[in-house]
Amino acid sequence: TRRLDKDCYVDFDRIFAVSDETAGVFAGVYPECQQKLSVFHNLIDTEAIRQKALSPVEKSMHEGIRLLTVGRLTPQKGFDCAVYALKLLLEKQYPVYWYIIGEGPEYGRLTQLARSLHVEDHFIFLGMQTNPYPYFKMADFYIHATRFEGKSIAIQEAQVLGCAIAASDCSGNREQIVSGVDGLLCPFSPEGIANAVEYLIEHPQTAESFGKEAAQKAC
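Quantities reported herein were computed from a predicted structural model and do not represent experimental measurements. (Residues numbered from 1 in each chain as written. Predicted model: local features only at pLDDT ≥ 70, side-chain atom pairs only at ≥ 80, totals over all residues. Heavy atoms only, no water.)

**Q** Please explain the side chain of Lys151 as it appears in this structure.
**A** Among the structural elements, Lys151 can be located in the loop between β6 (141-144) and α7 (153-160). Despite its burial, Lys151 pairs with no opposite charge; the closest candidate is Glu175, at 5.0 Å N-O. Apart from the residues lying within four places of it in its own chain, the contact partners of Lys151 are Val18, Ser19, His41, Asn42 and Gln176. (Helix = DSSP H or I, 4+ residues; strand = E, 2+ residues; numbered from the N terminus. Buried < 20%, exposed > 50% of the residue type's maximum accessible area, 1.4 Å probe, protein only. Lys, Arg positive; Asp, Glu negative; His and termini not counted. Salt bridge = Lys/Arg side-chain N within 4 Å of Asp/Glu carboxyl O. Contact = heavy atoms within 4.5 Å.)

See the structure below:
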């Protein structure tokens, strides 16, 4: 909001947004800055990511269906919704293990929520990882169910590594995934997320094609 920003942006010579959607939102708040606003997409080293993904994982992963999410443990990232989605998947007898890479202020609340739903053995916090990329390779699906997003570097990294991705249908994510082509967009709700994961599980050939399309997109 302008009040929060104290109108600081009017003093800048150039302003860059990480995505077209973010730029549009910004221009709606600061229309007088339109002429000095440009889009500058995140830069990632695709070859380095692929090479680092060949290393072994530092922490072993369970046998079963492995989900991975990378992100800071904050309300924006929607991990609370992921815990409820995991509960639904386990109730349907899917042998799912959901791995989380990242740290943040929500850690205590999320661990307590997982225990209260009796899914703590399947919702696994890996903390910060200096090399997260082997976990992308070991995961069956990458899940990015956030409340909102600018433009996710984690989704870009998952695409580089050819992961089948399911993400919430929100700003930012919509710009990175063509639903039904290189991933799935789903409603941000426990049911929506669980249904997307179930679809990927039950349609392995489609999930594989999503991953191949994502890898081509990232080239």
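**Q** Please explain empty space enclosed by the protein as it appears in this structure.
**A** To locate leftover empty space, one rolls a probe as large as a water molecule over the atoms. For the structure on display, the rule yields one cavity of 30 Å³ or more. Looking at the largest cavity, its volume works out to about 50 Å³. Thr69, Val70, Lys77, Gly78, Phe79, Ala82, Trp98, Ile143, His144, Ala145 and Thr146 are the residues that line the largest cavity. Only β3 (65-70), α4 (79-91) and β6 provide two or more residues apiece to the lining of the largest cavity. Residue composition of the lining of the largest cavity, grouped by class: six nonpolar, four polar and one charged. (1 Å grid on protein atoms, 1.4 Å probe; cavity = no way out; pocket = protein on both sides within 12 Å on 5 of 7 lines; lining within 4 Å. Points joined across faces, edges and corners; volume = space filled by probe spheres on them. Nonpolar A, V, L, I, M, F, W, Y, C, P; charged D, E, K, R; others polar.)

**Q** I'm lost on the side chain of Glu157 in this one. Help?
**A** Within the secondary structure, Glu157 sits in helix α7. This buried residue, Glu157, is left without a salt bridge; Lys52 holds the nearest opposite charge, at 8.5 Å. Residue contacts for Glu157: discarding those within four places in its chain leaves Ile44, Ile49, Tyr133 and Phe136.

**Q** Before we go on, may I ask you to explain the layout of surface pockets in this structure?
**A** Each pocket or cavity is described by its volume, and for the largest pocket that value is around 230 Å³. Residue lining of the largest pocket: Thr1, Asp5, Tyr9, Ile15, Phe16, Ala17, Thr22, Val25, Phe26, Val29 and Tyr30, and that is the complete set. Elements with a minimum of two residues in the lining of the largest pocket: β1 (15-17) and α2 (20-29). Considering each element in turn, the lining of the largest pocket owes the most residues, four residues, to α2. Size it by volume and the second largest pocket reaches roughly 160 Å³. Together, His41, Ile44, Thr46, Lys151, Gln156, Gln159, Val160, Glu175, Gln176, Lys217 and Ala218 line the second largest pocket. Of all the elements in the fold, those that place two or more residues in the lining of the second largest pocket are α7, α8 (173-176) and α10 (204-218). The element best represented in the lining of the second largest pocket is α7, accounting for three residues. For the lining of the second largest pocket, the residue count by class is three nonpolar, five polar and three charged.

**Q** Please clarify how the sheet that holds strand β4 (residues 96-101) should be interpreted in this entry.
**A** Pairing within the open sheet is parallel, and its six strands lie in the order β5-β4-β3-β6-β7-β8. Bordering the open sheet on either side are β5 (123-127) and β8 (184-186), each of which pairs with just one other strand. Averaged over all adjacent pairs, the angle separating strand axes in this sheet is 25°, with direction ignored. Together, β3, β4, β6, β7 (164-168) and β8 form the strand contacts of helix α9 (residues 190-202), whose direction differs from that of β8 by roughly 155°. (Pairing = 2+ DSSP bridges. Axes fitted to C-alpha atoms, helices over the stretch in contact; angles between N-to-C directions.)

**Q** Please explain the packing of aromatic side chains as it appears in this structure.
**A** To describe a pair of aromatic rings, one takes the distance between the centres and the angle between the planes. Going through the model one piece at a time under the given rule, you end up with ten aromatic pairs. A centroid spacing of 5.1 Å and a plane angle of 75° characterise the contact between Tyr107 and Phe125, whose relative ring orientation is edge-to-face. With Tyr107 in helix α5 (residues 107-116) and Phe125 in strand β5, this residue pair connects regions lying 18 residues apart in the sequence. The exposure class assigned to Phe125 is buried, which follows from its relative accessible area of 19%. Every member of this aromatic cluster is reached through a ring pair, and the members are Tyr9, Phe12, Phe26 and Tyr30. (Phe/Tyr/Trp six-rings, centres within 6.5 Å; stacked < 30°, edge-to-face > 60°.)

**Q** So what exactly am I meant to see when it comes to unusual backbone geometry here?
**A** Only a minority of non-glycine residues have a phi that is not negative, and only a minority of peptide bonds are not trans. Even without a glycine there, the phi angle at Lys6 is positive, about 55°. Checked against the element boundaries, Lys6 lands in the loop between α1 (2-5) and β1. Of note, Asp7 is a non-glycine position whose phi angle comes to about 55°, a positive value. Relative to the assigned elements, Asp7 resides in the loop between α1 and β1. Given a relative accessible area of 31%, Asp7 falls into the partly exposed group.

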